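# Notes for the structure review
The residues making up each chain are set out below.
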Amino acid sequence: MFKYDITWIMQSYLGEYEGSRENADKKFIRAVKSFLAINEIDPRTQLVIASDGCEITHRLYYKHFKKEPSVKYCFVDKDTPKMYENIEGSTMQYYRGLPRQVARTIAEGFLHAYLDSDDFLMPNASKIIKANWNATSKQNPDKDFKWGAMTNWIENIAMNKWLENKEGQQTFGPIGESFKVEGLKSKWQKYSMNESEDTIFARGIRKEGDGMLINDGFYLRCHYHGIWDY
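These numbers come from a predicted model, not from an experiment.

## Re the overall build of the protein
Within the protein one finds six helices and 13 strands. Every one of the 230 residues in the protein was classed for burial, and the buried ones make up 43%. Expressed as a percentage of contacts within the protein between residues at least 6 apart in sequence, the contacts between residues at least 24 apart total 72%. When the accessible area of the protein is evaluated, it comes to approximately 13300 Å², of which 49% is carbon and sulfur surface.

Quick look at the structure:
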């Protein structure tokens, strides 16, 4: 029996690197608080923070969130490069996933979801995930679903103007009207994939087994390098 329905996994490195966001410490606190707002509505949710060798994350967790029963924490020593560092002269981006995998080993939820340390969850996030998962599972009782992928998410309105200047057909586009979000500056816009099942992510994750698509937006991307940073 699982203690929680959903565990969010947050890998956190709050130091500086090329393309990093400003005020990383404040955004980390904001991201955790967006989870806590969900937990107030749905106690069957959990957050596991995995510090990627980051002493800032370590300090902020123990200062602000150590006493939160729904928030667990682990520290993973950092012995590999930071994201975007050159590796042996290469200009390729580097993504370190070990802390995320360590976090999954101590997660107590049936479903695992992911939250970046500078992003934001809407208060209805767990409701949307569970409603989609339960409905799709009920409609397909013979399938053992291994994953769910979002087809809708929330961007800053700066994305609208950026797309206007891009040539060619886009794989995603805005839906509905822009709106304000409590606790965030500017306005925000829901976006939807035009061809969800053909995305690189969906093609790769299908190798894990049967999955489902979640057609409602609850995740805000608060930083897009060179376009917006909130």
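Next, the rest of the story.
## With respect to the nonpolar core
Counting residues in hydrophobic clusters, the biggest one holds 48 residues, and the most contacted among them are Trp 8, Phe 28, Ile 49, Phe 218 and Leu 220. If you tally residues by element for this core, the top one is helix H1 (residues 24–41), at eight residues. When sequence neighbours within four positions are dropped, the list of residues in contact with Leu 220 reads Asp 119, Phe 120, Met 122, Ile 154, Val 181, Leu 184 and Trp 188. Ile 9, Ala 50, Ala 103 and Ala 107 belong to the second largest nonpolar core, which has six residues in total.

## Things to note about the sheet that holds strand E2 (residues 45–52)
The parallel open sheet is built from four strands, whose spatial order is E3-E2-E1-E4. Of all the strands in the sheet, just strand E3 (71–76) and strand E4 (109–114) have a single pairing partner and so form its edges. Pairwise comparison of adjacent strand axes, ignoring direction, gives a mean angle of 25° for this sheet. In this structure, strand E1 (residues 4–12) lies alongside E4, joined through five bridges in parallel fashion. Across the sheet, the residue bridging to Trp 8 is Ala 113, located in E4. Helix H2 (residues 55–65) contacts E1, E2 and E3 of the sheet and is inclined by roughly 155° relative to E3. The sheet contacts of helix H4 (residues 125–139) involve E1, E2 and E4, and relative to E1 the element is tilted by about 125°.

## Concerning the packing of H1 against H2
The geometry of H1 relative to H2 is characterised by a closest axis approach of 11 Å and an angle of 45° between their N-to-C directions. Taken as axis vectors, H1 and H2 run oblique relative to one another. Between H1 and H2 lies a crossing whose hand is right-handed. Each of Asp 25, Phe 28, Ile 29, Val 32, Lys 33 and Leu 36 in H1 lies in contact with H2, whose residues at this interface are Ile 56, Thr 57, Leu 60, Tyr 61, His 64 and Phe 65. Looking at the contact of H1 with H2, its residues break down into eight nonpolar, two polar and two charged.

## Observations regarding the side chain of Asp 42
Along the chain, Asp 42 turns up in the loop between H1 and E2. Here the side chain of Asp 42 touches Lys 130 through a polar contact of 2.8 Å, side chain to side chain. The residues contacting Asp 42, other than those within four sequence positions of it, are Ser 126 and Lys 130.

## Quick notes on H4
In this model H4 runs 21 Å from its N-terminal to its C-terminal C-alpha over 15 residues, within 8% of the 21 Å that 1.5 Å per residue would give. Along H4, the positions that sit buried rather than exposed are Ala 125, Ser 126, Ile 128, Ile 129, Lys 130, Asn 132, Trp 133 and Thr 136.

## Some words on the side chain of Thr 151
The residue Thr 151 is located in the loop between strand E6 (147–150) and strand E7 (152–156) in this model. What makes Thr 151 buried here is its relative accessible area of 3%. Side chain to side chain, Thr 151 and Asn 215 meet in a polar contact 2.6 Å long.

## A word on the environment of Cys 74
Among the secondary structure elements, Cys 74 is positioned in strand E3. For Cys 74, a relative accessible area of 12% gives the class buried. Spatially, the C-alpha atoms of Cys 74 and Asp 52 are 9.0 Å apart, while their sequence positions differ by 22 residues. When residues no more than four places from it in sequence are discounted, the contact partners of Cys 74 are Ile 49, Ala 50, Ser 51, Val 102, Ala 103 and Ile 106.

## Quick look at the environment of Ile 49
As for its position among the elements, Ile 49 is in strand E2. Along the sequence, Ile 49 and Gln 11 sit 38 residues apart, while their C-alpha atoms lie 6.0 Å from each other. Excluding residues that lie within four positions of it along the chain, Ile 49 makes contacts with Met 10, Ser 12, Phe 28, Val 32, Thr 57, Tyr 61, Val 71, Lys 72, Tyr 73 and Cys 74.

Thresholds, definitions, all that
By convention here, each chain's residues receive numbers from 1 onward along its written sequence. Local features in a predicted model are, by the rule used here, given only for residues with pLDDT of at least 70; side-chain atom pairs are given and counted only at 80 or more, and totals for whole chains, interfaces and linings are based on all residues. Side-chain measures here rest on the full set of heavy atoms in the structure, leaving out hydrogens and waters. Numbering of helices and strands starts at the N terminus; helices are DSSP runs of H or I of at least 4 residues and strands are runs of E of at least 2. Any residue under 20% of the maximum accessible area for its type is buried, any over 50% is exposed, and the rest in between are partly exposed; the area is computed with a 1.4 Å probe on protein chains only. Contacts: residue pairs with any heavy atoms within 4.5 Å of one another. Computed by Shrake-Rupley with a 1.4 Å probe, the accessible areas treat only the displayed protein chains as cover when residues are assessed. In this description, a nonpolar core means a group of buried Ala, Val, Leu, Ile, Met, Phe, Trp, Tyr and Cys residues linked to one another through side-chain atoms lying within 4.5 Å. A pair of strands is considered paired only if DSSP assigns at least 2 bridges between the two. Each axis is a line fitted through C-alpha atoms, and for a helix only the stretch in contact is used; angles between axes span 0 to 180 degrees, taken between their N-to-C directions. Reported orientations rely on four angle classes, namely roughly parallel under 35 degrees, roughly antiparallel over 145, roughly perpendicular from 65 to 115, and oblique for the rest. Crossing handedness is defined as follows: a turn of the near helix away from the far one that is anticlockwise and smaller than a right angle gives a left-handed crossing, while the clockwise case is right-handed. Charged means Asp, Glu, Lys or Arg here, nonpolar means Ala, Val, Leu, Ile, Met, Phe, Trp, Tyr, Cys or Pro, and polar covers whatever is left, Gly included. Polar contacts, as counted here, are pairs of nitrogen or oxygen atoms within 3.5 Å of one another; within protein the pair requires one atom able to donate a hydrogen and one able to accept it, and residues that are adjacent in sequence qualify only if both atoms are side-chain atoms. In this scheme, a helix's expected span is set at 1.5 Å multiplied by one less than its residue total.

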